[in-house]
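Given next are the chains, with one letter for each unit.
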Amino acid sequence: MFHRRTLIAAALAGAMLGGITAAGPAAAQTTTSLTDEVSERGVLRVGVGNFVPWVFRSKTGDIVGFEADVAKQLADDMGVELEFVPTVWDGMVPALLAGNFDLIISGMSITPERMLRANFTVPYASSGNMLAANRDRIPNMTSLDAFDNRNVTIAAVRGSTSASAVQAELPNARLVQFDAEADVLQEVLNGNADAYVASVPKPAVDSAANPEKLYLPVRETFQGTLEAFALRKGDADALNFLNNWILLNTANGFLQERWEYWFTTQEWGDLVPE
Amino acid sequence: MVGRAERPATGAERPPPRVRGRRIGWLDVVLLALVAAAAVWVIHRVDTRLTYTWNWSMIPGYVVFFDEATGTWRSNLLLDGLVTTLRMTVAAGIMALVIGALMAVARVSNVPSIRWLARTYVELVRNLPPLIFIFVFYFFISGPVINLLGVADWARELDGPARQVMAVLFGPPERFANFVTGTVCLALFEAAYVTEILRAGIQAVSQGQWEASQALGLSRWRTLRLIVVPQAVRKVVPPLTGQLISLVKDSSIVSLISVQELTFAGQQISVATRKVFEVWLTVAAFYFAICFTLSVVSRRLERHFGAARR
């Protein structure tokens, strides 16, 4: 990848120095697009993190969730095998840039900072943040105002849009960050943090599972987000293919149907223990 | 990750006599009672302060489970992770020994530039936190190089017996690049400590041996190979086994670069199940079982060989 790009860059630079402007577009066309590369390899490699119910491990160790269904459909439509590359959230974009996989399909929200490093498709899902609070520590609130206080500790996953949402919406609160969703919840259950912020539907699911300990002060989401596939920069062909794939699957209802299954039902509940 | 390689590689000639205690006295009773009381107090505190419903029943299923679809028992994330950890430890251990041996010879070379290069490598690795070393090495060196070499595609296209051999030694071919990255990072990290152990071993052989060999007309290289190394090997075996055992534990840091080993598997399960404590206690028990078994075995072997030499 890098190798080829370096060659092309060198060729372009050479062509410009020589004043042969026509060589520019001709050289650019020799770039293999991701779509060709994937067809040739016969395998689509997708980087995934670990967020229930976006994408997570089932009881039998399989990778399941909303994103897993989306990625499977995408690979099917491309006529190739699908290979998941489980990756730690912090290292997701660097791993994409390093070429460890072809795409990120992992509930990654579009942010200006991420867009400067990678290309994003049009969104295929939207989400928002919700806050779940510890009943013993900050009881009976019906707005978020009480949480915007420097004596309040709020937990979130490191580097997630939820962490940024806390900074934007509750700038006075003390933000503590953890690597995994499970640690964030446990910190609030233990009473070391007063509340946590995460993408829907997690706060609602968690507070339904621990009603004596957690509650939702506000049911509306805040700091809405748009989720999209991320790919390496400089590949207009792949970006065009993926954008239109998403538009098509929005129009035919596939994305909506899968989203409702994973986010509004509990039919998949037997994929996890208990 | 503490207190390694600082141990002198000497002293293997006569191990200290094993401590054989008197019968259990009142001091032992008091001490054990205090420890037990402290343990009970901690457990009680944790139990009352912690809001947590324990559920150990899901753990065995993450080791092995019965797959009704195929009617067979299948390994799950924890066992797969454990096997990857062991495979990686063996591969990285061998690689670290080879690199360490080369570097150790370079460290005692009579060519200054070779000596300095080896010294730079050792100091660089030993004076960086392991986590930082792994990140820097992974993102700037091993990751790009391995992708550039097309290791992933090469492994994926293997077939026949080669594929099977690869699968036994290194795990699933589609994870091969990931495995190699983790192994190389780990090996280069550990090799710096191995280098120092081996160097200490070589330098512990008395100067007289070098001088005597020189007097007999042996070249520097032949002296090293025929006289010094055979003596040094005996001195370095105990610290070296200790280092290799700690490699098992150190391997958990590569979970941060998404190598699918035991710690990474633990992380994945804890998110899906929200049973943080059961998962991490199980993972801890796995590491402990391996490392403890290895250190008992190595102590036995040491005693055995120590006795045979005398």
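Residues numbered from 1 in each chain as written. Chains lettered and ligands numbered in written order. Predicted model: local features only at pLDDT ≥ 70, side-chain atom pairs only at ≥ 80, totals over all residues.

This part covers the overall build of chain A. In terms of helices and strands, chain A carries eleven helices and 13 strands. Split into buried and exposed, the 274 residues of chain A put 39% on the buried side. Taking contacts inside chain A between residues at least 6 apart in sequence as the whole, the part at least 24 apart equals 70%. (Helix = DSSP H or I, 4+ residues; strand = E, 2+ residues; numbered from the N terminus. Buried ≥ 20, exposed ≤ 12 C-beta atoms within 10 Å, placed from the backbone. Contact = placed C-beta atoms within 7 Å.)

The next thing to look at is the interface of chain B and chain A. Taken together, the contact between chain B and chain A spans 31 residues of the former and 33 residues of the latter. Only strand S1 (64-67), helix H5 (130-148), helix H6 (151-157) and helix H11 (262-273) of chain B provide two or more residues apiece to the side of chain B that touches chain A. With seven residues, the single largest contributor to the side of chain B that touches chain A is H11(B). The residue makeup of the side of chain B that touches chain A, split by class, is 14 nonpolar, twelve polar and five charged. (Nonpolar A, V, L, I, M, F, W, Y, C, P; charged D, E, K, R; others polar.)

Residues and elements named next belong to chain B. As for its placement among the helices and strands, Arg 74 is situated in strand S2 (residues 72-75). Counting along the chain gives twelve residues from Arg 74 to Tyr 62, while the straight-line C-alpha distance between them is 9.8 Å. Arg 74 has contacts with Val 64, Phe 65 and Asp 67, leaving out every residue within four places of it along the chain.

Once that is clear, we can look at the nonpolar core. Membership of the largest hydrophobic core comes to 127 residues, with the highest contact counts inside it found for A:Val46, A:Ile154, A:Ala156, A:Ala195, A:Tyr196, A:Ala230 and B:Cys185. Apart from residues no more than four positions distant in its own chain, A:Tyr196 is found in contact with A:Ala132, A:Ile154, A:Ala155, A:Ala156, A:Val184, A:Leu185 and A:Val188. (Core = buried A, V, L, I, M, F, W, Y, C linked by C-beta atoms within 7 Å.)

Turning our attention to unusual backbone geometry. The bulk of non-glycine residues show a negative phi, and the bulk of peptide bonds are trans. A:Pro53 follows A:Val52 through a cis peptide bond whose omega is -5°. Positionally, A:Pro53 belongs in the loop between strand S1 (43-48) and strand S2 (56-57). Put simply, A:Val200 and A:Pro201 share a cis peptide bond, and its omega is 5°. For A:Asn140, which is not a glycine, the phi torsion comes out positive at approximately 55°. If you check the backbone angles, B:Ser258 has positive phi at about 65° while not being a glycine. Considering the arrangement of structural elements, one finds B:Ser258 in the loop between helix H10 (220-250) and H11. Of the residues examined, B:Ser258 has 25 C-beta atoms within 10 Å and is grouped as buried.

This part is about the packing of helix H4 (residues 112-126) of chain B against helix H8 (residues 176-204) of chain B. Residues and elements named next belong to chain B. Look at H4 against H8: their axes get within 9 Å of each other, and the N-to-C directions meet at 120°. Taken together, the axes of H4 and H8 lie oblique to each other. Helix-helix and strand crossings are classified by hand; for H4 and H8 the assignment is left-handed. Residue-level inspection shows Tyr 121, Val 122, Val 125 and Arg 126 of H4 in contact with H8, the latter providing Phe 189, Ala 192, Thr 195 and Glu 196. Taken together, the residues of the contact of H4 with H8 break down into five nonpolar, one polar and two charged. (Axes fitted to C-alpha atoms, helices over the stretch in contact; angles between N-to-C directions. Parallel < 35°, antiparallel > 145°, perpendicular 65-115°, else oblique. Left-handed = near helix turned anticlockwise from the far one by under 90°.)

What follows covers the pairing of strand S8 (residues 153-157) of chain A. All names here are of chain A. Counting buried positions along S8 gives five out of five residues, so the element sits mostly inside the fold. Residues Thr 153, Ala 155 and Val 157 point to one face of S8 and Ile 154 and Ala 156 to the other, with burial holding for every one of them. As judged from the five bridges shared by S8 and strand S9 (residues 174-178), these two strands associate in the parallel manner. If you follow Val 157 over to S9, its bridge partner there is Phe 178. This β-α-β element, S8 to helix H7 (residues 161-169) to S9, shows right-handed connectivity. (Pairing = 2+ DSSP bridges. Right-handed = clockwise from strand over helix to strand, strands pointing away.)

So, about the pairing of S1(A). Residue and element names in this part refer to chain A. Here S1 lies mainly inside the structure; five of its six residues are buried. In terms of strand pairing, S1 meets strand S4 (residues 81-86) through six bridges, oriented parallel. Note that in S4 the partner of Val 43 across the bridge is Glu 81. Examined bridge by bridge, S1 and strand S5 (residues 103-104) share two bridges and lie parallel to one another. Residue pairing across strands places Val 46 opposite Leu 103, the latter belonging to S5.

One can find A:Glu181 in helix H8 (residues 181-189). Distance from A:Glu181 to A:Ala198, taken between C-alpha atoms, is 8.4 Å for residues 17 residues apart in sequence. Apart from residues no more than four positions distant in its own chain, A:Glu181 is found in contact with A:Phe51, A:Val157, A:Ala198, A:Lys202 and B:Val271.

Since there are 3.6 residues in each turn of an α-helix, residues three or four apart along the chain are aligned in direction. Residue and element names in this part refer to chain A. Looking at helix H9 (residues 202-209), one finds that the buried residues are Lys 202, Pro 203 and Asp 206. Down the axis of H9, the smallest arc covering the buried residues is 95°, so these residues share one side. Close packing links the buried residues of H9 with strand S7 (125-134), H8, strand S10 (195-199) and strand S11 (214-215). (Arc of directions from axis to C-beta.)

Residue and element names in this part refer to chain B. As a packed pair, helix H3 (residues 77-107) and H8 sit with axes 6 Å apart at the nearest point and diverge in direction by 40°. When the axis of H3 is compared with that of H8, the two are oblique. For the element pair H3 and H8, the recorded crossing hand is right-handed. When its residues are assigned to classes, the contact of H3 with H8 shows 18 nonpolar, four polar and three charged.

Our focus in this paragraph is the confidence of the model for chain B. All names here are of chain B. Averaged over every residue, the pLDDT of chain B is 86; residues scoring 70 or more account for 91%. Segment residues 1-12 is flagged for pLDDT under 50; beyond a separation of four residues in sequence, or across chains, it makes 23 contacts in the model. Scored as a whole, the predicted complex attains pTM 0.81, and scored at its interfaces, ipTM 0.78. (pLDDT = per-residue confidence, 0-100.)

So, on to the environment of A:Arg114. In this fold, A:Arg114 is placed in helix H6 (residues 112-115). Distance in space between the C-alpha atoms of A:Arg114 and A:Val93 is 7.9 Å, their sequence separation being 21 residues.

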